[in-house]
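What the coordinates show
Spelled out from the first residue to the last, the chains are:
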Amino acid sequence: MKKAGIIMIIGSLLLLGLFKFPLWNIMLGAPQYPDPLGMDIYIQGIQGVEEFDIQNIDGLNHYIGMKPIPKVEEMWEFDVFPKVVGLMIALGVIIGILGFLGKLSYKWFLGWFIVMSILGLLGMYDFNLWLIDYGTDLDPKAIMKLENLDGTPMTYKPPLIGYQKMLNFDVDSWPGVGAYMIFIGMLLTVVAFFVGKKEYNK
Amino acid sequence: MKKSINILISAIMVAGLVSCNDGGTKKSKSGGQGGLATNAAERVYVAPGEHDEFYGFMSGGFSGQLGVYGLPSGRLLKVLPVFSQNPENGWGYTEETKPMLNTSFGFVPWDDSHHPDISQTEGVLDGRWIFINGNNTPRIARIGLESFKTEEIIEIPNSAGNHSSSFITENTEYVVAGTRFSVPVPQKDMSINEYKGNFKGALTFIKVDQETGRMNIKFQLMMPGFNYDLSHPGRDKSHGWFFFTTYNTEEAHSLLEVNASQNDKDFIAAVNWKKIEEYVNNGGGKKVPARYAHNILDEHTHTATSTMIDKVLTVDPLEVPGAVYFLPTPKSPHGCDVDPTGEYIIGNGKLSADLTVHSFTKMLDAIENKKFDGEAYGIPILNFEDILAGVVKQPGLGPLHTEFDGKGNAYTTFFISSEVVKWKVGTWEVLDRQPVFYSVGHGMIPGGNSRKPFGKYFVALNKITKDRYLPTGPELTQSAQLFDITGDKMELLLDFPTIGEPHYAAAIPAEMVAPKSRKIFKLAENKHKYAVLDNSDVRVERDGKEVHIYMNMIRSHFNPDNIEGVKVGDKVYFHITNHEQDFDVPHGFAVIGANNAEMLIMPGATETLVWEPKQVGVWPFYCTDFCSALHQEMQGYVRVSPADSDIELSWTLGED
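Read on for an overview of the structure. Since we're looking at a predicted model, the values are computed, not measured. (Residues numbered from 1 in each chain as written. Chains lettered and ligands numbered in written order. Predicted model: local features only at pLDDT ≥ 70, side-chain atom pairs only at ≥ 80, totals over all residues.)

1. Focus: the sheet that holds strand β23 (residues 355-359) of chain B
All names here are of chain B. Just so we agree on the cut-off: By this definition, two strands are paired if DSSP reports at least two bridges between them. Helix numbers and strand numbers start at the N terminus; a helix is a DSSP run of H or I with at least 4 residues, a strand a run of E with at least 2. Here the axes come from fitting lines to C-alpha atoms, over the contacting stretch only for helices, and the angles between their N-to-C directions go from 0 to 180 degrees. By the convention adopted here, residues make contact when the C-beta atoms placed from their backbones lie within 7 Å.
Spatial strand order, β21-β22-β23-β26: four strands in an open sheet with antiparallel pairing. For this open sheet the edge positions go to β21 (333-338) and β26 (388-392), each flanked by a neighbour on one side alone. Adjacent strand axes in the sheet meet at a mean angle of 20 degrees when their direction is disregarded. With four bridges joining them, β21 and strand β22 (residues 344-349) adopt antiparallel strand pairing. Residue Cys336 lies in a different strand from β22, and its bridge partner there is Gly347. With respect to the sheet, helix α5 (residues 360-368) is in contact with β22, β23 and β26, its orientation differing from that of β23 by roughly 60 degrees.

Shown next, in the form of structure tokens:
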């Protein structure tokens with residue numbers, strides 16, 4: 001199970017990318033913003049793509065009564081997510097090493113993948129909840145209170161993934177480099193599972 | 001009756017025919033230069049959203065400013081205030097910028113700006129700074145090409161008519177400023193009749209710090225009292241020398257148009273500045289009392305300071321043997337131009353029909369072998385025949401200036417015959433000539449006075465406009481014409497109006513400047529004494545009759561926007577910090593009855609406008625730069641109470 005163990009270790013270590021690269025990216029372009037404003041969502045917090053993008057997004061959002069983009073200390077997620085990811089990396093590496101040494105069944109690899117997938121889905125669910133809250137919980141004293149054609153108040157939830165036109169803005173929300181690294185890392189742990197199974201059956 | 005009507009009709013028809021013919025003749029007269037027959041329009045068309053290939057910096061002439069144009073489109077991108085107050089953005093009106101226009105004569109709100117020159121490294125444009133001279137009250141300004149702001153102005157003492165300026169040496173070691181109107185040095189009460197032999201023409205060498213661009217007068221070469229008209233540095237092989245044309249070697253002081261045109265030849269003064277620099281570095285020269293202002297705008301405090309300096313180092317040319325020579329040049333030479341190789345020095349004798357070209361190699365040889373033809377005030381005059389490289393025979397009338405395309409061709413402007421003439425350097429043969437409209441002064445090729453010209457376009461900067469555009473009464477704009485010079489023949493592509501009177505210009509490929517153009521000032525780096533970086537520091541303070549309002553602004557409000565406790569007779573300082581950190585979101589500030597101007601405040605900057613309320617009442621102020629959908633809401637009030645009122649200062653934002 002040497003090969004499978006190594007793949008498992010590499011797969012889990014790829015998650016380290018989350019500490020360096022953004023998980024998600026939302027870009028806001030408009031006629032007045034030929035260079036779109038953008039935010040990079042990391043597991044430790046939200047940063048502007050350019051130095052002052054967050055400040056400028058907040059400046060625009062205040063017209064429609066959106067809350068300022070949360071600071072690190074304002075969301076428990078930015079505290080918990082890095083710990084969970086760190087723990088999962090450590091677990092994955094340990095499982096990989098034990099697998100490498102033959103002290104553990106290859107099924108653990110799949111087990112790790114399932115746990116990580118559940119955590120990932122929970123993370124996405126939580127992220128979507130936040131987007132809904134952010135886009136709909138608007139200041140009643142907002143400068144611009146717009147309505148949909150059916151008379152309901154307009155809300156501004158950015159898409160979880162994909163493109164959407166919101167007022168004068170073109171909003172693009174897509175996975176970042178970090179997300180691709182988890183995707184490949186998790187794929188590798190599945191590969192590790194099958195390779196391990198093959199090695200075991202030999 | 002019927003018959004007479006018929007006659008009348010045919011008379012009218014004939015008249016119409018005649019006038020049609022007139023129109024036709026006119027059209028065909030200008031058809032040859034027009035773009036319809038060619039694809040000229042396409043070649044100057046910059047599609048919406050696209051950028052020009054070059055920045056063109058054209059002196060604003062008697063506007064005192066610098067015009068920034070895109071080439072080849074000829075679109076005006078910006079009027080960059082330099083020597084003149086600019087109420088449009090508050091330059092010279094705000095407390096921060098007023099010191100920039102300080103001089104030994106006090107506050108001077110205007111000048112006549114002439115010759116922009118872009119900084120160079122090894123003779124190639126580098127796009128760090130652009131320098132320009134103020135002709136009337138002698139000054140040199142340095143403009144930073146990141147902020148496109150005038151960052152420094154230094155006054156030139158012992159000078160008048162600062163015209164043979166501001167030309168730089170090929171590593172921007174020096175900016176040079178020469179005197180066109182010689183004056184008594186030091187200035188004194190004396191008879192004008194005693195001009196001859198007593199007046200001096202100072203040639204000033206200003207050292208440029210390579211890191212900061214800061215200027216300091218290294219030395220002034222005190223030359224005989226001629227008129228030092230224009231200058232250019234030696235380059236490449238002649239680097240280390242500087243050449244100045246002179247006229248009025250007759251030293252006339254009245255009716256110069258006649259009296260200064262009598263000598264068959266005037267001089268080009270060749271100055272070995274490296275030799276003088278060495279002399280000065282070894283303790284040479286004489287410190288003499290002087291009085292001149294040195295004004296610096298600090299980019300972190302956003303505030304200018306003006307320092308009065310009281311001494312200048314002067315050098316007597318006779319004290320440095322071998323440093324200065326006179327090159328005899330026919331007929332009151334105006335432009336003094338050096339080709340990209342540094343070998344040829346072109347004297348544009350403005351009353352001559354020929355162009356005189358001196359050879360640098362021959363000049364050195366003549367100096368070495370002492371081929372002198374007398375001397376003037378102790379300065380050796382080289383023998384004309386010995387230094388002559390060639391003559392461009394009869395190219396036109398009234399040559400003024402020459403630029404180079406880097407392909408061995410020179411382009412000389414002719415004021416009197418109103419044309420530009422292309423000729424071959426070395427063979428001196430005329431290759432092409434094109435009319436210009438009208439009476440061209442300087443011509444400009446991007447980098448055309450450097451070692452490496454970008455020889456794609458030639459811009460004629462004309463003195464006379466007449467019928468080129470729709471008439472606007474007796475006072476017209478000036479005109480410029482853009483030629484494509486990539487082919488054998490010059491091709492007129494575009495005719496466009498310019499601000500002021502564009503004397504000289506300089507252009508640089510846009511890619512050397514545009515990427516580093518600043519978008520905002522960082523608020524975190526704002527070190528202005530009165531900046532309000534944090535909302536908790538917003539306040540109003542009284543100091544006797546002075547009231548200081550520490551205010552900030554962001555879309556779309558002022559903080560504070562309601563102020564009470566100001567009294568008639570107070571001097572109110574609005575210190576306003578723009579909290580935006582977004583590109584192209586300046587805010588403006590104007591208050592009713594201000595006796596100065598408005599001010600524009602760039603993102604991250606702080607500016608101060610003084611307001612002296614004279615009437616009791618509640619007076620509004622507002623943002624002048626349409627900043628957002630709520631721009632109209634960006635306003636506030638100041639309550640002004642009688643002088644003896646005891647209302648305390650108070651300030652609020654968003655309170656009922």
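Alright, that's what it looks like, and here's the rest.
2. Brief notes about unusual backbone geometry
It is generally the case that most residues other than glycine have a negative phi and that most peptide bonds are trans. Residue and element names in this part refer to chain B. Along the chain, Ser165 connects to Ser166 via a cis peptide bond; the corresponding omega equals -15 degrees. Relative to the helices and strands, Ser166 is located in the loop between β9 (149-155) and β10 (167-168). Cis rather than trans, the peptide bond between Phe437 and Tyr438 has omega equal to -5 degrees. Tracing the backbone through its elements, the reader meets Tyr438 in the loop between β30 (430-435) and β31 (440-444).

3. Quick word on the pairing of β30 of chain B
Residues and elements named next belong to chain B. Taken together, the five bridges between strand β29 (residues 419-424) and β30 define a ladder with antiparallel strand orientation. The residue bridging Lys422 from the neighbouring strand is Asp432, located in β30. Where β29 folds back on β30, the antiparallel hairpin that results is connected by five residues, among which Gly426 adopts a positive phi of roughly 110 degrees.

4. Description of the environment of Lys67 of chain A
Residue and element names in this part refer to chain A. The line we're drawing: Buried means a residue has 20 or more other C-beta atoms within 10 Å of its own C-beta, exposed means 12 or fewer, and partly exposed covers the counts in between; C-beta atoms are placed from the backbone.
Within the element layout of this structure, Lys67 appears in the loop between α2 (53-64) and α3 (77-100). Residue classification places Lys67 among the partly exposed residues on the basis of 14 C-beta atoms within 10 Å. In the structure, Lys67 is positioned 68 residues away from Gly135 in sequence and 8.7 Å away in space, judged by C-alpha atoms. With near-sequence residues (within four places) excluded, Lys67 lies in contact with Tyr134 and Asp137.

5. So, the environment of Val171 of chain A
Residues and elements named next belong to chain A. You can see Val171 is positioned in strand β5 (residues 169-175). Given 20 C-beta atoms within a 10 Å radius, Val171 is considered buried. Sequence separation of Val171 and Asn56 is 115 residues, and the distance between their C-alpha atoms is 15 Å. Beyond its immediate sequence surroundings of up to four residues, Val171 is in contact with Ile26, Leu28, Pro158, Pro159, Tyr163, Gln164 and Met166.

6. Notes on the packing of helix α4 (residues 107-136) of chain A against helix α5 (residues 177-201) of chain A
Residue and element names in this part refer to chain A. To be explicit about the condition: An angle below 35 degrees is read as roughly parallel, one above 145 as roughly antiparallel, one from 65 to 115 as roughly perpendicular, and any other as oblique. For any helix crossing, the convention is left-handed if the near helix is rotated counterclockwise from the far helix by under a right angle, and right-handed if that rotation is clockwise.
The interhelical angle for the contact between α4 and α5, taken along N-to-C directions, is 155 degrees, at an axis separation of 8 Å. In terms of their interaxial angle, α4 and α5 are classed as roughly antiparallel. Helix-helix and strand crossings are classified by hand; for α4 and α5 the assignment is left-handed. Across the interface between the two elements, Phe109, Leu110, Trp112, Phe113 and Met116 of α4 pack against Met186, Thr189, Val190, Ala192, Phe193 and Gly196 of α5.

7. Comments concerning the nonpolar core
The tendency in soluble globular proteins is for nonpolar side chains to be buried side by side. Condition: We call a set of buried Ala, Val, Leu, Ile, Met, Phe, Trp, Tyr and Cys residues a nonpolar core when their C-beta atoms link them within 7 Å.
With 120 residues, the main nonpolar core has Val175, Ile206, Val271 and Phe458 of chain B as its most contacted residues. Per-element tally for this core: the top contributor is strand β14 (residues 215-224) of chain B, with six residues. In contact with Phe458 of chain B, not counting residues within four places along its chain, are Glu403, Tyr411, Val420, Gly443, Ile445, Phe483, Ile485 and Met490 of chain B. Ile57, Phe81, Trp108 and Ala179 of chain A belong to the second largest nonpolar core, which has 41 residues in total.

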